[in-house]
Amino acid sequence: MSGEPRDEIVQHLPAMRAFALSLTRNSALADDMVQDSLVKAWTKIHTFEPGTNMRAWLFTILRNTYYSNRRKAGREVSDADGLMTEGLSEKPAHDGRLQLADFRRAFAQLNDEQREALVLVGASGFSYEEAAGMCGVAVGTIKSRTNRARARLAALMQMTEDEALEMTDSATMAVVSGNRSTAAR
């Protein structure tokens, strides 16, 4: 054995790999773990006490690395196909603001009766009957105004029927989609 502890590390590589393989039962993972352990040992070589058992010191580092990786793996979620990650991703807020600006321009082009119907039924969440009573018109008239206004908005915004409008404003979404459950009342 030479006087330099770093020179002695190389002699223990085969035993470290065998130990790692016995722990992981996966050659690629064992190699990664040995490499991680060697990096830790190399950077902490100043803590090794010359004259003590180098193999035991390296195996302790390897064993601790193994258990640290196991604890970490217990907190991680396997997502090979990317479905979990896709569900966690968030669209940038500026997309919603851009679509909201398009919506506002289109909304301004509707006639007064259509805007009123959409605000009452869509954004405010009133029923067709309640909106009709407020406007002093028949329920069918409010339904017609609302449907024509939504169709006109979709045309002005160049949206197809299967295309979703994504905005952060629930009241605006209710106006466009006709889903009053998303509007604040």
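A brief report on the enclosed structure follows. Just so you know, the residues in each chain are numbered from 1, in the order the chain's sequence is written. pLDDT decides what is reported in this predicted model: residues at 70 or higher carry local features, side-chain atom pairs at 80 or more are listed and counted, and totals for whole chains, interfaces and linings draw on all residues regardless. Excluding hydrogens and water, the side-chain figures rest on all heavy atoms present in the structure.

### As for unusual backbone geometry
- Within the chain, Arg25 stands out as a residue other than glycine whose phi angle is a positive 60 degrees.
- In this text, helices come from DSSP runs of H or I with a minimum length of four residues, and strands from runs of E with a minimum of two, each type numbered from the N-terminal end. With respect to the helices and strands, the residue Arg25 is situated in the loop between helix 2 (13-24) and helix 3 (27-43).
- Phi at Gln158 takes a positive value of approximately 55 degrees, unusual for a residue other than glycine.
- Inspection of the secondary structure assignment puts Gln158 in the loop between helix 9 (139-156) and helix 10 (170-177).

### Here we look at the nonpolar core
- We call a set of buried residues a nonpolar core when its members are Ala, Val, Leu, Ile, Met, Phe, Trp, Tyr or Cys and they connect through side-chain atoms within 4.5 Å of each other. Classification of residues uses two cut-offs on accessible area relative to the type maximum, computed with a 1.4 Å probe and protein chains only: under 20% is buried, over 50% is exposed, and between them is partly exposed. Met54, Trp57 and Leu58 are the most contacted members of the largest nonpolar core, which has 16 residues in total.
- The set of elements that each furnish at least two residues to this core consists of helix 2, helix 3 and helix 4 (54-75).
- The greatest single-element share of this core, amounting to six residues, is contributed by helix 4.
- Only heavy atoms enter the contact rule, under which two residues are in contact if any of them lie within 4.5 Å. In contact with Leu58, other than residues within four places in its own chain, are Ile9, His12, Met16 and Ala41.
- One finds Leu110, Leu118, Leu153 and Met157 within the second-largest nonpolar core, a separate group that totals 10 residues.

### Some details on the pattern of salt bridges
- Salt bridges are defined by distance alone: a side-chain nitrogen of Lys or Arg within 4 Å of a carboxyl oxygen of Asp or Glu. Per the stated rule, a full pass over the model turns up three salt bridges.
- For Asp112, the salt bridge goes to Arg115, with nearest N and O atoms at 2.5 Å. With a gap of three residues between them, Asp112 and Arg115 both fall in helix 7 (residues 112-123), about one helical turn apart.

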